[in-house]
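Single-letter residue listing:
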Amino acid sequence: MHIAENATPPRTVMSVGSFGIEVAPRRIILLRLISVFLSVTAAFAICSGQTKKRSAIQWNRSDCTSPLMLPDGFYDLSQFGKGQYRIDGKMSVGHFNNIYMIFQANGALNPEVVSGATESTFMVKDRKVIWRSYKTVAEGRAVIRKEALMPNILPHEKAGSSSDYIWIRMDADSQQILDQLTPAAEEILRDCAEGKAEAVISR
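A brief report on the enclosed structure follows. All values derive from a computational prediction rather than experimental measurement.

## Considering unusual backbone geometry
- At the junction of Asn110 and Pro111, the peptide bond is cis and its omega measures out at 0° in the coordinates.
- Structurally, the position occupied by Pro111 is in the loop between β7 (99-104) and β8 (118-124).
- Non-glycine residue Asn97 carries a positive phi angle of around 60°.
- Topologically, Asn97 is positioned in the loop between β6 (84-89) and β7.
- Here Glu139, not a glycine, exhibits a phi torsion of approximately 55°, which is positive.
- Owing to a relative accessible area of 61%, Glu139 belongs among the exposed residues under this scheme.

Here it is in structure tokens:
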């Protein structure tokens, strides 16, 4: 019997039990593998694209020598006094709904005890830091204050005792805003403690 030279070669069929399973050509398998690889690569690129940006203003080296990388949604750092910094974001209104980080010699919160405060914790390296949150009035405005005091375990150039502790404070208009500020503040502290510098994105 004569077979045409351009005829399509028969597909291989494997028989398993009473079913016939068609084996796909190698090029189809290869194309599928490439497609999966490209999908994974694209997803990784998207996740990597959600990086932090390097703040235009940086810490004083006696406070911290790690670069400040701002999480998404935060504009920049401002310094309003020696060792006193404020990180503003999209929700900030004047002195409210932002993150204050104050490097100081004093190792106690003021006031030390607040009635009705709730506590939570987070870790910076192997150090447990305690948040306390309570309702108060600041500049005539009712806010929820969340604050913590921790030893300055960030890498820094020791210059006296003025930066021995870090007071982290947020005065927010609502719990929802606090819930967005809190992980950002914790992430900044962890990154600085580890000396981590993320990829820079343009803004």
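What follows continues from the structure just given.
## Here we look at the nonpolar core
- The biggest cluster of nonpolar side chains holds 32 residues, and the ones touching the most others in it are Trp59, Ile99, Met101, Leu154, Ile168 and Leu189.
- Elements with a minimum of two residues in this core: β5 (74-81), β6, β7, β8, β9 (127-138), β10 (141-151), β11 (165-172) and α2 (175-193).

## A word on the sheet that holds β5
- Read across the open sheet, the seven strands follow the order β5-β6-β7-β11-β10-β9-β8; overall the sheet is antiparallel. On the outer flanks of this sheet lie β5 and β8, each paired with one strand and no other. The mean inter-strand angle of the sheet, taken between neighbouring strand axes irrespective of direction, is 25°.
- Looking at chain direction, β8 and β9 are connected through seven bridges and run antiparallel. Its bridge partner lying in β9, Thr118 is registered against Ser133.
- Against the sheet, α2 makes contact with β5, β6, β7, β8, β9, β10 and β11, and its axis sits at roughly 160° relative to β11, the strand it touches most.

## A closer look at the pattern of salt bridges
- Applying the stated criterion across every chain, the model contains 10 salt bridges.
- Taking the shortest distance from any N to any O, the salt bridge between Glu147 and Arg132 comes out at 2.8 Å. Here Glu147 is found in strand β10, whereas its partner Arg132 is found in strand β9, with 15 residues between them in sequence. Of the two residues, Glu147 and Arg132, neither departs from the other in class, the shared state being buried.
- With its nearest N and O atoms 3.7 Å apart, the salt bridge here joins Glu186 to Arg190. Pair noted here: Glu186 and Arg190 are both in helix α2, with a separation of four residues, about one helical turn.
- Taken together, the salt bridges that share partners define one network made up of Lys52, Glu187 and Asp191.

## Some remarks on α2
- Across its 19 residues, α2 extends 27 Å between first and last C-alpha, which sits within 8% of the 27 Å expected from 1.5 Å per residue.
- At the C-terminal side of α2, Gly195 shows a positive phi close to 65°.

## Quick word on the side chain of Ser133
- Considering the arrangement of structural elements, one finds Ser133 in strand β9.
- When its relative accessible area of 12% is taken as the criterion, Ser133 is described as buried.

Cut-offs and rules
- Residues numbered from 1 in each chain as written.
- Predicted model: local features only at pLDDT ≥ 70, side-chain atom pairs only at ≥ 80, totals over all residues.
- Heavy atoms only, no water.
- Helix = DSSP H or I, 4+ residues; strand = E, 2+ residues; numbered from the N terminus.
- Buried < 20%, exposed > 50% of the residue type's maximum accessible area, 1.4 Å probe, protein only.
- Core = buried A, V, L, I, M, F, W, Y, C linked by side-chain atoms within 4.5 Å.
- Pairing = 2+ DSSP bridges.
- Axes fitted to C-alpha atoms, helices over the stretch in contact; angles between N-to-C directions.
- Contact = heavy atoms within 4.5 Å.
- Salt bridge = Lys/Arg side-chain N within 4 Å of Asp/Glu carboxyl O.
- Expected span 1.5 Å × (residues − 1).

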